[in-house]
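Here is what each chain is made of, one letter per residue.
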Amino acid sequence: MKTKKIPTRICVGCREPKEKRSMIRVVKNAENDISLDDTGRKNGRGAYICKKMECLAAALKSKGLERSLKTAIPEEVIKSLEEEMRRVEAR
């Protein structure tokens, strides 16, 4: 039997390749709204982050998330991303 290929993505925070399903996608849609995408199916430009606050903090500090989404991230969006990440991390 043929083995099924498991898709991997690189975290913009820790820069480690991991299984796509174990990560969260951050999406910038056509209206330039930035949000977390638990399903991985929202339309727009995306970047992947591990489900850890440390990776989100590293991605914001190194501006890796801004480079991946090709836009500046306002402070209120950063706060909402941190709140959403805390909820996801608590699950």
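Placed above this text is the structure.
Residues numbered from 1 in each chain as written. Predicted model: local features only at pLDDT ≥ 70, side-chain atom pairs only at ≥ 80, totals over all residues. Heavy atoms only, no water.

Trainee: Before we move on, can you summarise the side chain of Arg25 with the specific residues and values?
Mentor: Looking at the element boundaries, Arg25 is found in strand S3 (residues 23-28). Separated by 2.8 Å, the side chain of Arg25 and the backbone oxygen of Lys42 make a polar contact. There is a polar contact of 2.9 Å between the side chain of Arg25 and the backbone oxygen of Gly44. Arg25 has contacts with Ser35, Leu36, Asp37, Gly40, Arg41, Lys42, Gly44, Arg45, Gly46, Ala47 and Tyr48, leaving out every residue within four places of it along the chain. (Helix = DSSP H or I, 4+ residues; strand = E, 2+ residues; numbered from the N terminus. Polar contact = N/O pair within 3.5 Å; in protein donor to acceptor, adjacent residues only side chain to side chain. Contact = heavy atoms within 4.5 Å.)

Trainee: With reference to specific residues and values, describe the packing of helix H1 (residues 53-61) against helix H3 (residues 75-90).
Mentor: Contact geometry of H1 with H3 gives a least axis separation of 10 Å together with a crossing angle of 160°. Classified by the angle their axes make, H1 and H3 are roughly antiparallel. Relative to H3, the crossing made by H1 is right-handed. Side by side, H1 and H3 meet where Met53, Leu56 and Leu60 of the first sit next to Ile78, Leu81, Glu82, Met85, Arg86 and Glu89 of the second. (Axes fitted to C-alpha atoms, helices over the stretch in contact; angles between N-to-C directions. Parallel < 35°, antiparallel > 145°, perpendicular 65-115°, else oblique. Left-handed = near helix turned anticlockwise from the far one by under 90°.)

Trainee: Please set out the nonpolar core residue by residue, giving values where relevant.
Mentor: Counting residues in each nonpolar core, the largest one holds 24 residues, and the members touching the most others are Val26, Ile49, Leu56, Leu65, Ile73 and Leu81. Among the secondary structure elements, those contributing two or more residues to this core are S3, strand S4 (34-37), strand S5 (45-50), H1, helix H2 (64-69) and H3. Apart from the residues within four sequence positions on either side, Ile49 is in contact with Cys11, Val12, Met23, Ile24, Val26, Cys55, Leu56, Ala59, Leu65 and Met85. (Core = buried A, V, L, I, M, F, W, Y, C linked by side-chain atoms within 4.5 Å. Buried < 20%, exposed > 50% of the residue type's maximum accessible area, 1.4 Å probe, protein only.)

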